[in-house]
2 protein chains.
Amino acid sequence: MKNALNPLSGFQQLMPEEQVLFDGMVDTIKSVYRLCGFVPFETPAMERKETILAAKGGIVNQVYTVSRLQGEVDFRRKLEQDGSNADIARYFDNTCTDMALRFDLTVPLARFVSTRHGELTFPFRRYQIQPVWRGERAQAGRYRQFLQCDIDIVGNEQLPILYDAEVPVVMANVLRKLGLDSFVIHLSNMKILKGILTSLGLDDDEEITQALRIIDNLGKAGFDSTVKSLSELGSINQVHAQELLEMIISSNDLEALVLKYGNSSPLLKEGVEELTDVYNTALAFGLSPDSIKIDLSIARGLNYYTGTVFETFVNGYRNLGSVSSGGRYDNLAENLGGKRFPGVGMTLGLSRLVAVLKASGKFDVKSTKRESVLVTVQDYKMIDDYLSITTSLRSNGIVSECMLYEKSLPKQLKYADRKNFRFVIIANEEELKNGSVNVKDLVENCQENVQIQLLNEYFQRKSNL
Amino acid sequence: MKNALNPLSGFQQLMPEEQVLFDGMVDTIKSVYRLCGFVPFETPAMERKETILAAKGGIVNQVYTVSRLQGEVDFRRKLEQDGSNADIARYFDNTCTDMALRFDLTVPLARFVSTRHGELTFPFRRYQIQPVWRGERAQAGRYRQFLQCDIDIVGNEQLPILYDAEVPVVMANVLRKLGLDSFVIHLSNMKILKGILTSLGLDDDEEITQALRIIDNLGKAGFDSTVKSLSELGSINQVHAQELLEMIISSNDLEALVLKYGNSSPLLKEGVEELTDVYNTALAFGLSPDSIKIDLSIARGLNYYTGTVFETFVNGYRNLGSVSSGGRYDNLAENLGGKRFPGVGMTLGLSRLVAVLKASGKFDVKSTKRESVLVTVQDYKMIDDYLSITTSLRSNGIVSECMLYEKSLPKQLKYADRKNFRFVIIANEEELKNGSVNVKDLVENCQENVQIQLLNEYFQRKSNL
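Residues numbered from 1 in each chain as written. Chains lettered and ligands numbered in written order. Predicted model: local features only at pLDDT ≥ 70, side-chain atom pairs only at ≥ 80, totals over all residues.

Trainee: Give a description of the overall build of chain A that names residues and reports values.
Mentor: Secondary structure summary: chain A contains 19 helices and 16 strands in total. For 465 residues, the compact-globule estimate of 2.2 N^0.38 gives 23 Å, and the C-alpha radius of gyration of chain A, at 29 Å, exceeds that figure by more than 25%. Principal-axis analysis of the C-alpha atoms gives chain A an extent of 90 × 70 × 45 Å. For chain A, buried positions account for 44% of its 465 residues. When contacts within chain A are restricted to residue pairs at least 6 apart in sequence, long-range pairs at least 24 apart make up 69% of them. (Helix = DSSP H or I, 4+ residues; strand = E, 2+ residues; numbered from the N terminus. Rg over C-alpha atoms; globule rule 2.2 N^0.38 Å. Buried ≥ 20, exposed ≤ 12 C-beta atoms within 10 Å, placed from the backbone. Contact = placed C-beta atoms within 7 Å.)

So this is what it looks like as structure tokens:
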């Protein structure tokens, strides 16, 4: 019984006041997504196991499947008895379902677009704000369930590169609206590093992937250690590795890159053209040059992204990692077969972002009173009056609540304080009969006698309720 | 591979345009809940199996548990080999987790209040809008995942009966804001039927539960069949059963009820007092007498509700069942042990409600143009101008999108039509250089030439963007 009350480890549980702030952030994110012409989209929590297994980049290790509790109980009982393994296997298959919980929002999007493209108008611009589940080991900052806020723009057979510039612009708007002013979106294009590595003599995908992983870790491992790791791969000598890393670190001299490696790698040339195009278009879309930076060391999503890639770091909180990442993929549904749907998207990790905001004091549940009214009750004979005041406030859009729980006025005032009400209405029988009440303003710390029929006006004037 | 693309049966998949309407409904529900002083609250999708099993009324049959995909694969391989059942049992336990998916929002609330009550201020008024999962057989209108929109008011040790009146008032506000004007909240109190049944000689809980189930089915089974079922129980004769049902059907004569059964049942008297109190208080809270009705045949949640019970039927759609139900419970966390937390709550089944709205033509995705602007692109030389118009509109809160996908103007206009844009901006190089564009209004079916610097003003005047 005691165990039934233990919370599960690895899950975030916000207190109601924190949830108010969190929901406010979700509303902000949604409103910017909508403003920029994205439509809402949701999928069930479950996908077919086969869909998850087929999808590229599936983190099979961390995928949760869904079974029937009754089936599990029956199966466990069966195991106590005798029976052939074939019997047991049959029972086990009966316990399992064909469902697994989604571990990202891309696989469900891919499955949906692959099967329903005939009903969609392209480019399909959707936002999706839903939880995903991963069987992480419980540790600080790693949750088994977290909210992803994705946008993607998906084309049918083709998607112009200009859309690669729109996505980070939208994301920058979101971050600014959330109160983060100081962040940089790091921009690169996978074709560049792949092109350089190929022209340096790496030719199989496995080796390139390994090299990219080493480069992606440059920030943590440092220059010398990265040179060492690269040259240990075999196909790159130390001088080349050193030159390559210097190029990556300076990043801004794309012309020099093309001069040096362009002749041997058309892929690199293409990457540089795309990168320049995306960067300039983002500026034309109004993105401040302070908020975007070309950074060739960005090499995430190796198996997935085929061109543009993004990572977003909050100044002063680089150690928290990227709060918003994404990129361009050649084919959303590559491993599900069928038509080609190229796309570009970014995801915003709200849990991680909340960590950043908490650290910078921007997630403070006690900072402000709620613009709301507590109607206290002094005399139950007059209960209809208290209730009708509450009803009238609500029908005028003023958040309000009638205190029917605590009897003593001091306790009612304490409730108002603990629940962050800004206003408290106090009235006894005589005052109510005279058609007036006392209104306490806990922000301006004053009290006024107000005619009941003028209450709505009064609150509308006093606040932005 | 083909199977990976088959959608799972038993799940609802809204198209993006439908999701827009659905999300609008969720926003409306939230805003009314907030207006009435409820705070948002969310819990993880998973609860401990033990918590779910311990909770009263758990539908164990339909509960989904969560396992590790990798574990399942390993286990299945193990079964191909030899091994003792004890070995297999150990492997199986390793596959399973201690987690199950929630099947309602009450169990998570009970678990949370039981463990965190020290940090809460009572009454705890929370709303919770989250999906729940049930292993239903796939059939029309029954989903394996559906959205519940709950409110509850929970007290610590006690909760005044007046709160039982507030909850249906809030729910009536929600339904009206959702565009439903014609519904009736049916109100009863479990103590009344329990009291009558006891005074008729039923004395064990099992028998009372059976009788309540028979009465709850009155609407479907009809009068004669219900009399027959009741008298077959043994403890009630046919005359008594008939009298009882007549009382229930007339419902309004509570005084007669007390006169007839009150002396032998204090519980019935208490129920009648509470019911009268709740009814009158709901009217004092502003609920129209057309929207609430005493109906003693309401006997749902037999194991759970201990006093007031509610069911809500939409006029003309009674066959769809109750769209919003709830009631008073003596102890939220009864089977989890610890302190007593009485509460009252209602849930709104949004999936079912959408069915009602669809049937009454109020869920029409094509009914209105979106107040939004499509900036078409005629000349890629001028792309920066098109982009900066889009950016400027967005920064003035006007939903807008720049068409970077289709090249031909007719195709761009078709896109605007299919995606329900109200406005389309059309301009060539010359017009842009002269600082003006053409704006097509697809609602008023007219076109105007507008100065670029006056565009924001223009749209703000033309619409409620």
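Trainee: Outline the domain arrangement of chain A, supporting the account with residue identities and numerical values.
Mentor: According to the domain assignment, chain A consists of domain 1 (2-64 + 103-359) and domain 2 (370-462). Here the C-alpha centroids of domain 1 of chain A and domain 2 of chain A sit 50 Å apart. (Domains from an automatic or database assignment.)

Trainee: Run through the relation of the copies chain A and chain B, naming residues and quoting values.
Mentor: Taken as rigid bodies, chain A and chain B are interconverted by a rotation of 180 degrees and an axial shift of 0.0 Å, the fit giving an RMSD of 0.1 Å. One copy is carried onto the other by what is essentially a two-fold rotation axis. Identified as the residue of chain A closest to the rotation axis by C-alpha distance is A:Val66, at 2.4 Å. With an isologous cut-off of 70% or more, the 100% of interface residues of chain A that recur at the interface of chain B puts this contact in the isologous class. (Least-squares fit on C-alpha atoms with pLDDT ≥ 70 in both.)

Trainee: Give me helix α11 (residues 223-232) of chain A: which residues, what numbers.
Mentor: Residues and elements named next belong to chain A. Buried within α11 we find Thr226, Val227 and Leu230. Taken down its axis, α11 places every buried residue within 100 degrees of arc, on the same side. Facing away from the buried surface of α11 by more than 90 degrees, the exposed residues are Asp224 and Glu232. Positive backbone phi, at 105 degrees, marks glycine 234, one or two positions downstream of α11. (Arc of directions from axis to C-beta.)

Trainee: Quick rundown of the packing of helix α13 (residues 254-261) of chain A against helix α14 (residues 266-284) of chain A? Include the residues and the values.
Mentor: All names here are of chain A. It is at 10 Å that the axes of α13 and α14 come closest, and there the two elements cross at 165 degrees. Compared by their axis directions, α13 and α14 come out roughly antiparallel. As α13 runs across α14, the sense of the crossing is left-handed. Within the contact between the two elements, α13 uses Leu254, Leu257, Val258 and Tyr261 and α14 uses Leu268, Lys269, Val272, Leu275 and Thr276. (Axes fitted to C-alpha atoms, helices over the stretch in contact; angles between N-to-C directions. Parallel < 35°, antiparallel > 145°, perpendicular 65-115°, else oblique. Left-handed = near helix turned anticlockwise from the far one by under 90°.)

Trainee: I'd love a proper account of the interface of chain A and chain B, names of residues and values included.
Mentor: Each partner contributes to the interface: chain A provides 87 residues, whereas chain B provides 87 residues. Direction of pairing for strand β3 (residues 64-68) of chain A relative to strand β3 (residues 64-68) of chain B: antiparallel, over a ladder of 5 bridges. Looking at the pairing, A:Arg68 lines up with B:Tyr64 of β3(B). (Pairing = 2+ DSSP bridges.)

Trainee: I'd love a proper account of the sheet that holds strand β6 (residues 145-154) of chain B, names of residues and values included.
Mentor: Residues and elements named next belong to chain B. Strand order in the open sheet formed by 8 strands is β1-β5-β6-β11-β10-β9-β7-β8, and the pairing between neighbours is mixed. Two strands in the sheet have a free side with no partner beyond their single neighbour: β1 (39-40) and β8 (292-294). Here strand β7 (residues 183-189) pairs with strand β9 (residues 308-314) via 7 bridges, running antiparallel. Directly across from leucine 187, in β9, lies its bridge partner phenylalanine 310. The strands that helix α1 (residues 16-35) touches are β5 (124-133), β6 and β11 (343-349); relative to β5, the one it contacts most, it runs at about 160 degrees.

Trainee: Could you give an account of the pairing of strand β15 (residues 436-441) of chain B, with specific residues and numbers?
Mentor: Residues and elements named next belong to chain B. One ladder, built from 4 bridges, connects strand β14 (residues 421-426) with β15; its direction is antiparallel. Looking at β15, one finds that isoleucine 425 is bridged to valine 439. Note: β15 against strand β16 (residues 446-451), 6 bridges, orientation antiparallel. Residue pairing for β16: valine 439 is matched across the bridge by glutamate 448.

Trainee: Which residues make up the nonpolar core, and what values go with them?
Mentor: Residues A:Val373 and B:Val373 are the most contacted members of the largest nonpolar core, which totals 263 residues. Counting residues in hydrophobic clusters, the runner-up holds 8 residues, among them A:Phe92, A:Cys96, B:Phe75 and B:Ile88. (Core = buried A, V, L, I, M, F, W, Y, C linked by C-beta atoms within 7 Å.)

Trainee: Any details on the packing of helix α7 (residues 190-199) of chain B against helix α8 (residues 205-216) of chain B? Residues and values, ideally.
Mentor: Residues and elements named next belong to chain B. Packing of α7 against α8 brings their axes to within 10 Å, and their N-to-C directions diverge by 120 degrees. Taken together, the axes of α7 and α8 lie oblique to each other. Relative to α8, α7 is oriented so that their crossing is right-handed. Across the interface between the two elements, Leu193, Lys194 and Leu197 from α7 touch Ile208, Ala211, Leu212 and Ile215 from α8. Class assignment of the residues belonging to the contact of α7 with α8 gives a composition of 6 nonpolar, no polar and 1 charged. (Nonpolar A, V, L, I, M, F, W, Y, C, P; charged D, E, K, R; others polar.)

Trainee: Account for unusual backbone geometry, naming residues and giving values.
Mentor: Residues and elements named next belong to chain A. Backbone torsion omega between phenylalanine 122 and proline 123 reads 0 degrees, so that peptide bond is classified as cis. Relative to the elements of secondary structure, proline 123 occurs in the loop between α6 (106-116) and β5 (124-133). We note that asparagine 420 has phi near 65 degrees; this positive angle belongs to a residue other than glycine. Inspection of the secondary structure puts asparagine 420 in the loop between α17 (409-418) and β14 (421-426). A residue is classified by how many C-beta atoms lie within 10 Å of it, and asparagine 420, with 19 of them, is partly exposed.

Trainee: Talk me through the sheet that holds strand β4 (residues 96-101) of chain A; I want residue IDs and the actual numbers.
Mentor: If you walk across this open sheet you meet the 6 strands as β2(A)-β4(A)-β3(A)-β3(B)-β4(B)-β2(B), and the pairing is antiparallel. Of all strands in the sheet, those bounded by a partner on one side alone are β2 (46-48) of chain A together with β2 (46-48) of chain B. Between one strand axis and the next, the sheet turns by 45 degrees as a mean value, whatever way the strands run. Across the sheet, helix α4 (residues 69-80) of chain A touches β3 of chain A together with β3 and β4 (96-101) of chain B, and the angle it forms with β3(A) is around 75 degrees.

Trainee: Could you give me a rundown of helix α16 (residues 409-418) of chain B, with the residues and numbers involved?
Mentor: Residues and elements named next belong to chain B. Among the residues of α16, those classed as buried are Gln412, Tyr415 and Ala416. Axial view of α16: buried residues confined to an arc of 100 degrees, hence all on one face. Exposed side of α16, more than 90 degrees from the buried face: Pro410 and Arg418 are the residues found there. The elements touched by buried residues of α16 are β12 (370-375) and β14. Once α16 finishes, asparagine 420 follows within two positions and takes phi at roughly 65 degrees, a positive value.

Trainee: Tell me what's going on with the environment of A:Asn428, and back it up with residues and numbers.
Mentor: Residues and elements named next belong to chain A. With respect to the secondary-structure elements, asparagine 428 resides in the loop between β14 and α18 (429-433). On the neighbour-count criterion, asparagine 428 (13 C-beta atoms within 10 Å) is partly exposed. Setting aside residues no more than four positions away along its own chain, asparagine 428 makes contact with Gln378 and Asp379.

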